[in-house]
Amino acid sequence: MSLKGLITGIIFTVLYSSGAIIMKIGLHSASPLTLATLRFLIAGMLLLIFIYVFRKGKYPLPNKREWGILILLGLLNTSLFVGLGNLALRNISAGIFNLFLPINPFVFAIFSLIFMGKSIRAKEWMGMVVSAIGLFIATYPSLANSNANLSGILLLVLAMVSMAVGSLVFKKANLQLPTLVINAWQVFIGGIILIIPTLFLESGKPLHVDVHLVVYLLWSVIVLSIISMGLWFHLLKHDAVRANNWLLLNPVSGYILAAIVLGEPLTWYAVIATVVVLSGLYLSGNFQIKERSSSAK
């Protein structure tokens, strides 16, 4: 791995894992669905303006079939995943949120088995069991000490399921659109969909235009929705295997960031749970630390 690739991967890992931390900061100023709606509408509009105004003529508009897929992706990957995640963060720590993110490959594997007939190897089942034990180690102390509740964990699980289903839809759809166009419409459509539940569930709730809200919007729109996703697509383009490895390292940087920025305790439970979850990912083959052979390049 080149020095440039290493630096890019580290920056992406830190930025991506900051998502739960910035959500926690935003919750000081507004309700969770309101925060998600503002983020995606602003980020989506900025991306669409860049694509169709500043780069006019370079990127195509989706066709009829692609519109249907993009609406579904916006619902699953944007509205439900982040909306449910924001709701969950009212009752769980940012560290636990980041610890659940690497489980997405397992959920995706199970859905691929059910809906696409893909087989799951014995070592993958073993990895799932080990990672599940790690998640139990991480969440049990918080539940026992009332620092989290079961509803928050269930919302987070539903968010992970939504993300996995979205990945399955994306894989089966095989969209021919550029990734920048897919991301822009997915984000904007997700924000549009969130308007209805936000008005229904959070109408009348306070919205404080203060430093917390400004920091949340600037960071979530520019850093997460634009810069972080740009780095992700850059990593995918150069090496999809290593890109996935960086995503799986989010629990480590997530716990460290939560401890530094939010003052969340970095307990031995958290350390052990992270090691166990990453061990499960390694056993399953989702996390590889060895270099590929020259014949595989």
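Shown above is the structure to which this text applies.
Quantities reported herein were computed from a predicted structural model and do not represent experimental measurements.

1. Regarding the packing of helix H2 (residues 32-54) against helix H8 (residues 179-202)
Helices that pack against each other are described as a pair by the angle of their axes relative to one another and the distance between those axes.
1) Next: Put simply, H2 and H8 touch, their axes get as near as 7 Å, and they point 150° apart. Considered as vectors, H2 and H8 are oriented roughly antiparallel to each other. As for how H2 packs across H8, the hand of that crossing is left-handed.
2) Next: When its residues are assigned to classes, the contact of H2 with H8 shows 23 nonpolar, six polar and one charged.

2. Regarding H8
1) Next: Given a rise of 1.5 Å per residue, 24 residues ought to cover 34 Å, and the 33 Å separating the end C-alpha atoms of H8 matches this to within 8%.
2) Next: Where H8 bends most, the angle comes to about 30°, and this point is Ile-195, followed within four residues by the proline Pro-197.
3) Next: Gly-204 sits one or two residues past H8 and shows a positive phi near 90°.

3. Here's the deal with the nonpolar core
1) Next: Counting 41 residues, the largest nonpolar core has Phe-81, Ile-92, Phe-97, Leu-156 and Met-160 as its most contacted members.
2) Next: Beyond its immediate chain neighbours, meaning those up to four positions away, Phe-81 contacts Leu-76, Leu-101, Ala-159, Met-160, Ser-162 and Met-163.
3) Next: One finds Ile-51, Val-181, Ile-182 and Ala-184 within the second-largest nonpolar core, a separate group that totals 19 residues.

4. Re the side chain of Ser-17
1) Next: With respect to the helices, strands and loops of the structure, Ser-17 is situated in helix H1 (residues 3-26).
2) Next: The buried category is assigned to Ser-17, whose relative accessible area is 0%.
3) Next: Here Thr-13 takes part through its backbone oxygen, which lies 2.9 Å from a polar atom of the side chain of Ser-17.
4) Next: Excluding residues within four positions of it along the chain, Ser-17 makes contact with Asn-98, Asn-250, Ser-253, Gly-254 and Leu-257.

5. Some words on the environment of Met-163
1) Next: Among the structural elements, Met-163 can be located in helix H7 (residues 150-173).
2) Next: Classification of Met-163 by relative accessible area gives buried; the value is 15%.
3) Next: For the pair formed by Met-163 and Phe-108, sequence separation is 55 residues and the distance between their alpha carbons is 8.5 Å.

6. Examining a nonpolar patch on the surface
1) Next: The grouping of Ile-42, Met-45, Leu-46, Ile-49, Phe-50, Val-53, Phe-54, Val-214, Leu-218, Ile-222, Ile-226 and Ile-227 at the surface amounts to a nonpolar patch, some 1000 Å² of accessible area in total.
2) Next: Elements with a contribution of two residues or more to the nonpolar patch: H2 and helix H9 (211-238).
3) Next: Looking at the nonpolar patch, the element that brings in the most residues is H2, giving seven residues.
4) Next: In this fold, Val-53 is placed in helix H2.

7. Describing the packing of aromatic side chains
1) Next: For the structure on display, the rule yields four aromatic pairs.
2) Next: Their ring planes at 45° and their centres at 6.1 Å tell us that Tyr-52 and Trp-185 sit as a pair that is tilted. A residue pair is termed long-range when its members are at least 10 positions apart, and Tyr-52 in helix H2 and Trp-185 in helix H8 qualify at 133 residues.
3) Next: Summarising the aromatic geometry, the rings of Trp-185 and Phe-188 are spaced 6.4 Å apart at their centres and angled 75° between planes, so their arrangement reads as edge-to-face. On the criterion of helical spacing, the pair formed by Trp-185 and Phe-188 is a turn pair, its members being three residues apart in helix H8. Neither Trp-185 nor Phe-188 differs from the other in exposure class; each is buried.
4) Next: One aromatic cluster is present, built from ring pairs that chain together Tyr-52, Trp-67, Trp-185 and Phe-188.

Criteria and thresholds
Residues numbered from 1 in each chain as written. Predicted model: local features only at pLDDT ≥ 70, side-chain atom pairs only at ≥ 80, totals over all residues. Heavy atoms only, no water. Axes fitted to C-alpha atoms, helices over the stretch in contact; angles between N-to-C directions. Helix = DSSP H or I, 4+ residues; strand = E, 2+ residues; numbered from the N terminus. Parallel < 35°, antiparallel > 145°, perpendicular 65-115°, else oblique. Left-handed = near helix turned anticlockwise from the far one by under 90°. Nonpolar A, V, L, I, M, F, W, Y, C, P; charged D, E, K, R; others polar. Expected span 1.5 Å × (residues − 1). Bend = angle between axes of the 7 residues up to and from the residue. Core = buried A, V, L, I, M, F, W, Y, C linked by side-chain atoms within 4.5 Å. Buried < 20%, exposed > 50% of the residue type's maximum accessible area, 1.4 Å probe, protein only. Contact = heavy atoms within 4.5 Å. Polar contact = N/O pair within 3.5 Å; in protein donor to acceptor, adjacent residues only side chain to side chain. Patch = residues over 30% accessible without salt bridge, like charges linked within 9 Å, V, L, I, M, F, W, Y side chains within 5 Å. Areas by Shrake-Rupley, 256 points an atom, 1.4 Å probe, with all protein chains shown as cover. Salt bridge = Lys/Arg side-chain N within 4 Å of Asp/Glu carboxyl O. Phe/Tyr/Trp six-rings, centres within 6.5 Å; stacked < 30°, edge-to-face > 60°.

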